[in-house]
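The lines below spell out each chain.
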Amino acid sequence: MDKNKTKATDASVGDYIASRAKAQQGDDCQALMALLEKLTGQVGTMWGPSIVGYGSYRYTYDTGRTGEAPLTGFAIRGRELVLYLSVDSAQQQALLVRLGKHKMGKSCLYFKQLADLDRSVLEELLLGSVTEIKGRHA
């Protein structure tokens, strides 16, 4: 069975941000850290070399493969920031419509800067995601 390559590490979140963030990204990362810490009650830790994760949960795929992942988190991907979250429910999908300028993958929300997003909608979206994941993997 494959091993999960993305695991919590003891690497420095501050060093990661300092080495990767461009101008405005550094401020946005600090704001995201404060928001995610408030919503999860957890301090950010590095997951692999490039994800700042908050909290964790255990999952099991239909194949039987198990692993651990952060409840939510973010990463710097070039000129964009990415938030990792669940948007499976109709309520979460409705929030995306009101969020602002972004692109959405399966569980990755890409945006250029926090100023492009409605912060109250973002907070509601992240809280809904954490609740969905905890409910699914309790």
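Sequence order sets the numbering: in each chain, residues are counted from 1 along the sequence as written. Restriction of local features to residues with pLDDT of at least 70 applies here, the model being predicted, together with a cutoff of 80 or more for giving and counting side-chain atom pairs; totals for whole chains, interfaces and linings are based on all residues. Based on all heavy atoms of the structure, the side-chain values leave hydrogens and waters out of the count.

## Regarding the nonpolar core
Generally speaking, nonpolar side chains in soluble globular proteins are found buried as a group. We define the nonpolar core as a collection of buried residues of types Ala, Val, Leu, Ile, Met, Phe, Trp, Tyr and Cys that are connected through side-chain atoms lying within 4.5 Å of one another. Using a 1.4 Å probe on the protein chains alone, a residue whose accessible area is under 20% of its type maximum counts as buried, one over 50% counts as exposed, and one in between counts as partly exposed. Of all hydrophobic cores here, the largest spans 35 residues; its most connected members are Phe-74, Leu-83, Leu-109 and Leu-122. Starting at the N terminus, helices and strands are each numbered in turn, a helix being any DSSP run of H or I of at least four residues and a strand any DSSP run of E of at least two. Among the elements that line this core, the one with the most residues is helix 2 (residues 23–40), at 6 residues. In what follows, residue pairs with any heavy atoms lying within 4.5 Å of each other are defined as contacts. Those residues in contact with Leu-83 that lie beyond four places of it in its chain are Leu-32, Leu-36, Gly-73, Phe-74, Ser-107, Cys-108, Leu-109, Phe-111, Leu-122 and Leu-126.

## Re the layout of surface pockets
In this analysis a 1.4 Å probe is tested at points of a 1 Å grid over the protein atoms alone, and where it fits but cannot get out there is a cavity; an open set with protein on both sides within 12 Å along at least five of seven lines is a pocket; lining residues have an atom within 4 Å of a point. Grid points are joined across faces, edges and corners, and a volume is the space filled by probe spheres set on the points. Taken as a whole, the largest pocket spans an internal volume of roughly 700 Å³. Secondary-structure elements contributing two or more residues to the lining of the largest pocket are strand 3 (57–60), strand 4 (66–69) and helix 4 (119–136). At 3 residues, the largest contribution of residues to the lining of the largest pocket is made by strand 3.

## Examining the sheet that holds strand 6 (residues 80–84)
The strand order 1-2-5-6-8-7 describes an open sheet built from 6 strands, whose pairing is antiparallel. The open sheet is flanked by strand 1 (45–47) and strand 7 (103–104), the only strands paired with a single partner. Looking at chain direction, strand 5 (residues 72–77) and strand 6 are connected through 5 bridges and run antiparallel. Note on strand 6: the bridge partner recorded for Ala-75 is Val-82. In this fold helix 1 (residues 13–20) packs onto strand 1, strand 2 (51–54) and strand 5, with an angle of close to 30° to the strand it touches most, strand 5. By definition, two strands form a pair when at least two bridges between them are found by DSSP. As a rule, the C-alpha atoms of each element are fitted with a line to give its axis, helices using only the stretch in contact, and angles between N-to-C directions run from 0 to 180 degrees.

## Describing helix 3 (residues 90–99)
Of all the residues in helix 3, the buried ones are Gln-92, Leu-95, Leu-96 and Leu-99. Viewed end-on, helix 3 has its buried residues packed into an arc of 110°, placing them on one side of the element. When the buried face of helix 3 is taken as reference, the exposed residues oriented beyond 90 degrees from it are Ala-90, Gln-91, Val-97 and Arg-98. For helix 3, the secondary structure elements touched by its buried residues are strand 7, strand 8 (108–111) and helix 4. Two residues or fewer after helix 3 comes Gly-100, characterised by a positive phi angle close to 120°. Think of the arc as the fan of directions from the helix axis to the C-beta atoms.

## A closer look at the side chain of Thr-72
Relative to the elements of secondary structure, Thr-72 occurs in strand 5. Residue classification places Thr-72 among the buried residues on the basis of a relative accessible area of 1%. A 3.5 Å cut-off defines polar contacts: any pair of N or O atoms within that distance qualifies, except that in protein one atom must be a possible hydrogen donor and the other a possible acceptor, and neighbouring residues in sequence count only when both atoms are side-chain atoms. Reaching out from Thr-72, the side chain makes a polar contact with the backbone oxygen of Tyr-84 at a distance of 2.8 Å. If near-sequence neighbours (up to four positions away) are discounted, Thr-72 is found in contact with Leu-36, Thr-40, Val-52, Gly-53, Tyr-54, Tyr-84, Leu-126 and Val-130.

Such coordinate-based values are descriptive only and should not be taken to indicate function.
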